[in-house]
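# Observations on the three-dimensional arrangement
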Amino acid sequence: MSILQQKIDPLSGQSEWVVVTDDHEEESSSLLGGSGDFTSSSGLHYTSYLDMLNDQPRNEAFDRAIRKAVLGAHHVLDIGAGTGLLSMMALRAMHDVDQKKKSFGSQLVDSAIPCCCQRDGFVTSCESYLPMIKLARAVLRANGMKAGVQLLHKRSDELHVGVDMCCQADVLVSEILDSELLGEGLIPTLTHAHKYLLKPNARTVPYRAIFYGQIVESYFLWQCHDLNGVESTIDDMLHLAPLYSKQIVLSRCSQYPLHVDPLTSTLRLLSEPFEVFTFEFWKTPETWNEYKHQITMTEGGKAHAIVSWWVLQLDEEGLIYYSTAPNWIKEAFMPTIKREDVSEFSRWCDHWKQCVWFIPEKGVQVQPGETLDVFAIRDEISVKYKINKGQEGACESPQELKLSQENCSVLKPERIGMLGDQTRRHVIMAGVKSALQGRSSCQSIVVDDSLISTISVALVASCSHVFVLLPSTRGEGMNLLESAAKLHEFSPLKVSLLSKRPSELTIHDLKGVQIDAVFAEPYYLGYEGKVPWQLLRFWYEKTMLKSLLAKNYTIVPSQAKLQGMAYFLPDLWESRCSLKKVEGFDHSLANDKLGACGYMSPPLETRILPYAIWQSGEHEALTEAFTLMRFDFYHDLETVKGFVKVPVSKTGTCHGIVLWMDWILDPLEQLVLSTGPSEWWRMRD
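Conventions used here
- Residues numbered from 1 in each chain as written.
- Predicted model: local features only at pLDDT ≥ 70, side-chain atom pairs only at ≥ 80, totals over all residues.
- Heavy atoms only, no water.
- Helix = DSSP H or I, 4+ residues; strand = E, 2+ residues; numbered from the N terminus.
- Buried < 20%, exposed > 50% of the residue type's maximum accessible area, 1.4 Å probe, protein only.
- Contact = heavy atoms within 4.5 Å.
- Areas by Shrake-Rupley, 256 points an atom, 1.4 Å probe, with all protein chains shown as cover.
- Salt bridge = Lys/Arg side-chain N within 4 Å of Asp/Glu carboxyl O.
- Phe/Tyr/Trp six-rings, centres within 6.5 Å; stacked < 30°, edge-to-face > 60°.
- Lys NZ or Arg CZ within 6 Å of the ring centre and 35° of its normal.
- Pairing = 2+ DSSP bridges.
- Polar contact = N/O pair within 3.5 Å; in protein donor to acceptor, adjacent residues only side chain to side chain.
- Axes fitted to C-alpha atoms, helices over the stretch in contact; angles between N-to-C directions.
- pLDDT = per-residue confidence, 0-100.
- Parallel < 35°, antiparallel > 145°, perpendicular 65-115°, else oblique.
- Left-handed = near helix turned anticlockwise from the far one by under 90°.

## Things to note about the overall build of the protein
- Regarding its fold elements, the protein presents 16 helices and 33 strands.
- Looking at the protein as a whole, 57% of its 685 residues are labelled buried.
- Long-range contacts, defined as pairs at least 24 residues apart, comprise 78% of the intrachain contacts of the protein with a sequence gap of at least 6.
- Counting every atom, the protein has about 29,800 Å² of accessible surface; 50% of that belongs to carbon and sulfur.

Here you go:
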């Protein structure tokens, strides 16, 4: 089998599709250190597989539950195999039971009809992601379990009993859960499995999940959602989301995964935790449901958000649990079970976080003892809320929020927070004014996806023409520019959207006039969550415009610095450290493929991965900030190297170097946009 895999050039933004084949020879050459294609190019470094495999409480809980579930079973189905860990747990457990039968007689009674595989203890496992299924084959082979596990490169809804599976399965094991519980297609997957792939009354691991919520006040979260409200407190010329006009920018209506423990000092808990709904894995799920709760406020304040998490019950008896609850949740809010039977829920991990649902607009003012009607709407892939306060105006539902988004750019909360940051807005506007000072008439171009830069240039350059690329929003770019022109009262004829890449532009596209000023924030919609220097695409695109630039052109930002600090990062280190035995199964050959960092034998290439430090568990700086490289954007794109000796300011274990970009907008280096850990929004270091 083969798949098409998209590759994106981080400099040009251009993409290409390459064919990745399911080839045993490539797999073998990769395992021997050859150039097979399931290397770093597969993208496994940037997935959460390594973090999950390093989550010991998760692994222990699944292993204990699987050992109980497979008693008397002959055939287990594993959906979403990953490295094959759950399949190996199931196969081992069935073989252990079989050995006990031989040793102690028939103390255990088989409850399942013998599997048509004509063998005891067999696992059918499926995985749709080709790079991962290649790795799973290698892990199964290394552990001597390939013969007992039928590994299929298919989605579970592509499986057919009698073709892919010899018979229906007695037990289902799966871990296709995200931070919101349902986002990885859990409901359609279970619906199909129960209907076609499982025997009646088949056992499942997990058994059920309980979804919880808690109403909180947090002005930090409000700033990451309500750009209308934030802008009403800012006195500048920029109006990205005016209160009484169609919004240019909206945050998403769904829940947003976020580690909320770092926000504890900015949060006020306005209610007790409440059970939103219970989800059963052991039976065919409903595709949609709505739940109504009357929540009594324990504190007064402004309800800005609902923080959600789930508790996973892995066994039918209710003795094995795993939770994604925040650290402030105590035993009183957990199910009534023995503490020793609960997997540690305070451990930091990155693959499962809490979720935040933003209450629309400025939130809801509440008083102690007051009751709010909270409606939870669960569809096949998500959970949304609607809140009513008595007979007063109800908050908009997620469906209502979607109605006016035709001309809107839908952005992540961290970007909303950046756009509403008054200091950042001032620096961008001041940088534009500094660059255009003394230029009565000039032709400008904005090369990135920054609307705030585009509007700033259009407002400051009163007699100039502005060309805009908006490379990631071409489909809606003209609507965005027309809305911006109307809101800021400048002529839409003043701004032109170019449909070509910088390398394709000619002087004819620029109306026969060279470019006097090049601007960027820089910000590219498609580069969210990437390492910060990928925004140097801006430099590449400026270089592609070289023949179209006037002799005395100006550029903003004019320079950038790659900054760094040495950090103590114990949680992130343990999350990314190399694998040895995972619940007794050798995973060492997966380290290079999954991008393991800690405890690796040299020589290995250093891993550089995008993380927001404030979201990475315990952290502490061990040095002051230092400059590793400088970039001069008046030069053409060139190779830059740096070396620096850094004095240590605090004793501790250095787990990594935190790197970020500072973008310099003026010649005196007084106007700087930083993405470093000192920024309040600190969403991407």
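Moving on from the model shown.
## Regarding the pattern of salt bridges
- Within the structure shown, the criterion is met by 25 salt bridges.
- For the salt bridge of Asp 350 with Lys 353, the shortest nitrogen-to-oxygen distance reads 3.9 Å.
- Note that Arg 537 is salt-bridged to Glu 541, the shortest N-O span being 3.1 Å. Residue Arg 537 and its partner Glu 541 are both found in helix 14 (residues 537-544); the two are separated by four residues, about one turn of the helix.
- Here the salt bridges do not stand alone but share partners, grouping Asp 63, Arg 67, Arg 92 and Asp 96 into one network.

## Focus: the packing of aromatic side chains
- What the rule picks out here adds up to 18 aromatic pairs.
- Where Phe 279 meets Phe 281, the ring centres are 5.3 Å apart and the plane angle is 85 degrees; that geometry is what we call edge-to-face.
- Consider the rings of Phe 538 and Phe 633, whose centres lie 5.1 Å apart with planes at 80 degrees: the pair is edge-to-face. Residue Phe 538 is found in helix 14, and its partner Phe 633 is found in the loop between strand 31 (626-632) and strand 32 (656-664); the two are separated by 95 residues along the sequence. Each of the two residues, Phe 538 as well as Phe 633, counts as buried.
- Taken together, the ring pairs in this structure connect Phe 538, Trp 539, Phe 631, Phe 633 and Trp 663 into an aromatic cluster.
- Lying across the ring of Phe 62, Arg 58 places its NZ or CZ 5.7 Å from the centre.
- If you follow Arg 378 out to its NZ or CZ, it ends over the ring of Phe 277, 5.9 Å from the centre.

## Some details on the pairing of strand 17 (residues 354-358)
- For strand 17, the buried fraction is high: five of the five residues fall into the buried class.
- In this sheet, strand 17 lies alongside strand 10 (residues 256-258) in antiparallel orientation, the contact comprising three bridges. Residue Tyr 256 lies in a different strand from strand 17, and its bridge partner there is Val 356.
- Where strand 15 (residues 305-313) lies against strand 17, four bridges are found, and the strand directions are antiparallel. Within strand 17, the position partnered with Ile 306 by the bridge is Trp 357.

## Remarks on the pairing of strand 27 (residues 559-568)
- Most of strand 27 sits out of view: nine of its ten residues are buried.
- Alignment of strand 27 against strand 31, held across six bridges, turns out to be antiparallel. If you follow Gln 563 over to strand 31, its bridge partner there is Thr 627.
- Direction of pairing for strand 27 relative to strand 30 (residues 620-621): antiparallel, over a ladder of two bridges. Note that in strand 30 the partner of Tyr 567 across the bridge is Ala 621.

## Looking at the side chain of Glu 217
- Relative to the assigned elements, Glu 217 resides in strand 8 (residues 208-217).
- Note on Glu 217: relative accessible area 11%, which makes it buried.
- From its side chain, Glu 217 meets the backbone nitrogen of Lys 302 in a polar contact 2.7 Å long.
- Sequence-distant contacts of Glu 217, defined by excluding residues within four places in its chain, comprise Thr 266, Leu 267, Arg 268, Leu 270, Gly 301, Lys 302 and His 304.

## Focus on the sheet that holds strand 20 (residues 383-388)
- Reading across the sheet, the three strands line up as 13-19-20 and stay open at both edges, with antiparallel pairing between neighbours. Of all strands in the sheet, those bounded by a partner on one side alone are strand 13 (289-296) and strand 20. Averaged over neighbouring strand pairs, the angle between their axes works out to 25 degrees when direction is ignored.
- In terms of strand pairing, strand 13 meets strand 19 (residues 371-378) through eight bridges, oriented antiparallel. Bridge pairing links Gln 294 to Asp 373 in strand 19.

## Digging into the confidence of the model for the protein
- When pLDDT is averaged along the protein, the result is 86; 81% of the residues meet or exceed 70.
- Within the model, pLDDT remains below 50 along residues 391-407, and this stretch shows 33 contacts once partners closer than five positions in the same chain are excluded.
- The low-confidence segment residues 681-685 (pLDDT under 50) makes 33 contacts with residues lying over four places distant or belonging to another chain.

## Description of the sheet that holds strand 22 (residues 443-446)
- Spatial ordering of the open sheet is given by 24-23-22-25-26, a layout of five strands whose pairing is parallel. Every other strand in the sheet has two partners, leaving strand 24 (495-497) and strand 26 (549-556) as the edge strands with one partner each. When the angles between neighbouring strand axes are averaged without regard to direction, this sheet yields 25 degrees.
- Here four bridges tie strand 22 to strand 23 (residues 465-468), and the two strands are oriented parallel to one another. Within strand 23, the residue paired with Gln 443 across the bridge is His 465.

## Focus: helix 12 (residues 451-460)
- Taking burial as the measure, the ten residues of helix 12 include eight buried ones, the bulk of the element.
- Where helix 12 is concerned, the buried positions are Leu 451, Ile 452, Ser 453, Thr 454, Ile 455, Ser 456, Val 457 and Ala 458.

## Here's the deal with the packing of helix 12 against helix 13 (residues 477-488)
- Packing of helix 12 against helix 13 leaves a shortest axis separation of 11 Å and a crossing angle of 45 degrees. Between helix 12 and helix 13, the crossing angle belongs to the class labelled oblique. For the pair helix 12 and helix 13, the crossing hand works out as right-handed. For the pair helix 12 and helix 13, the contacting residues are Leu 451, Thr 454, Ile 455 and Leu 459 in the first and Leu 480, Leu 481, Ala 484 and His 488 in the second.

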